[in-house]
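Notes for the structure review
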Amino acid sequence: MITVNINGKDYSAEKDETVLAVAKRNFIYIPTFCHNEAVADYGSCRICMVEIWTKKGKNKLVTACLFPVEDGLKVETNNERVLFIRKNIAELLLAKCPASAEVAEIAAQLGVYETKYRIEKDGNKCILCALCTRVCDEVVGRKAISLVNRGINREVAIPFYDNAAACIACGSCVYICPTNAITMTDKDGIRTITMPNCEMKFALRKCNSCGREWIPEKQVKYFLSSAPGLTIEEFDLCQSCRK
Amino acid sequence: MSKQVEALDMQEVLAKVNPVLEKHGYDDGMLVGILQDVQAQFNYLPREALIAVAQRLGIALSRVFSVATFFKAFSLTPRGRHQLQVCMGTACHVRGAARILEKFETQIGIKAGQTSEDMKYTLETVGCVGACALGPLVVLDNEFEGHLTVDKIEPILERLD
């Protein structure tokens, strides 16, 4: 057990915990976009910047989601220097994602309502946090999408913008997206996943009892191939009808 | 990206890709080196070759595509027989690199970053090639052509087959 001081109060913490984890446990609010407990932290959105002082006298701004706590660490999450840099990050994100309500909300919390930077692309919602690619890799294990190109052209995409072979239409990327840049609709037996640069369509399987289209065929196929004991009959009924 | 590329025969692709993978010991950590060698075989990175590389290395196609699109040295579309890279670095810039580029563009009839219809030229711009004393210059199939003037460009292009 070690002791960390956040905003003037001492908290106990485990070694190798991140500043964000300790703060969250103690109900100290730090805004985040690219953090999600389901996947490893990545530090791409930068909105969780905090100022730290180590015992050895090092003082700097770090991302709370990546910085591991150490004994005697002093953290300030809301001082002038932190807010100055966080507001600037909010402005940059606003310029990147003018269409995102979530970005606007966190910016508004910081008192930022407009940006001095040039709006990159009207209608854009993606902040390039890579949560979608990380969940596809770390949780689903399919690695169907990745970040492609670089610099101002960087974007999330499936290979060649048209090859959805690895995707099982599970929708994890949709649920995890912090800015709703990826959307999904189930209609007329087709699941449509829409990314900023492509649209993917997948057939859905009907429940034999209630007739609800409840699972993508590709996902069933994936389950069958990865779990040898499973049989196709297991997917005859949806979750609700199975009881 | 606009030009439609015909699908290649997978057997032919594998015949070129396999020796490259062999050379690098099927090590996915060598992905950039592998893609460089594959590009040397085809003059660009064909879709089928990237799929073959991903399959043979046992890594995700999305990762191969990510790497292949990240580096400017990789091209996913066929390139011309002759590569023209006009230096746009600071030293070349002040000596009129913009006019040199414009002359290349009007002479060949393509914009920077494009390949001519007859697959003869690919025209690109680069930041700085480190030969500022020669500026303004063009790197023509890895050979430096320095001290360019607008008048010298036509003879240079005529020299190429």
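Here's the deal with the packing of aromatic side chains
- In this structure the tally under the stated criterion is six aromatic pairs over all chains.
- Ring centres of Y161 of chain A and F65 of chain B lie 5.9 Å apart, and the angle between their planes is 90°; this geometry places the pair in the edge-to-face category. You can see Y161 of chain A sitting in the loop between β7 (155–157) and α5 (172–176) and its partner F65 of chain B sitting in helix α4 (residues 61–70), one on each of two chains.
- Of the residues examined, Y161 of chain A reaches a relative accessible area of 25% and is grouped as partly exposed.
- By relative accessible area, F65 of chain B is classed as buried at 1%.

Focus: the interface of chain A and chain B
- Listed as interface residues are 15 residues of chain A and, on the opposing side, eleven residues of chain B.
- Taking both partners together, chain A and chain B bury about 1,200 Å²; carbon and sulfur atoms supply 63% of that area.
- If you look at where chain A meets chain B, you find six residue pairs in polar contact (both at pLDDT 80 or more).
- Split by residue class, the side of chain A that touches chain B holds eight nonpolar, three polar and four charged.

Quick word on the sheet that holds strand β11 (residues 213–216) of chain A
Residues and elements named next belong to chain A.
- With antiparallel pairing, the four strands of this open sheet are ordered in space as β8-β9-β10-β11. Looking at the sheet topology across the chains shown, the edges are occupied by β8 (183–187) and β11. On average, each strand axis in the sheet is inclined to that of its neighbour by 35°, with strand direction left out of account.
- Where strand β10 (residues 198–206) and β11 come together, three bridges link them in antiparallel fashion. Across the sheet, the residue bridging to K206 is E213, located in β11.

Cut-offs and rules
Residue numbering note: each chain is counted from 1, following its sequence as written. Chain letters and ligand numbers both follow the written order, the letters beginning at A and the numbers at 1. Local features are withheld for residues below a pLDDT of 70 in this predicted model, meaning they are given only at 70 or higher, and side-chain atom pairs are given and counted only at 80 or more; totals for whole chains, interfaces and linings count all residues. Values reported for side chains reflect all heavy atoms of the structure, with hydrogen atoms and water molecules removed beforehand. When the centres of two rings from Phe, Tyr and Trp lie within 6.5 Å, Trp using its six-membered ring, the rings pair. Their planes under 30 degrees apart give stacked, over 60 give edge-to-face, and anything left gives tilted. Per the convention used, a helix needs a DSSP run of H or I reaching at least four residues, while a strand needs a run of E reaching at least two, with both numbered from the N terminus. Partly exposed residues are those whose accessible area sits between 20% and 50% of the maximum for their type, while under 20% is buried and over 50% is exposed, using a 1.4 Å probe and protein chains only. Contact between two residues is taken to exist if any of their heavy atoms lie within 4.5 Å; hydrogens are not considered. Using a 1.4 Å probe, buried area is obtained as the accessible area two parts lose upon being combined, added over both of them. Any N or O atom pair separated by 3.5 Å or less is treated as a polar contact, with the protein-specific requirement of one donor-capable and one acceptor-capable atom, and with residues adjacent in sequence counted only for side-chain atom pairs. Residue polarity is assigned by list, with Asp, Glu, Lys and Arg as charged and Ala, Val, Leu, Ile, Met, Phe, Trp, Tyr, Cys and Pro as nonpolar; anything else, Gly included, falls into the polar class. Here, a strand pair is defined by DSSP locating no fewer than two bridges between the strands. Under this scheme, a helix contributes an axis fitted over its contacting stretch, all axes are lines through C-alpha atoms, and angles between N-to-C directions fall in the 0 to 180 degree range.

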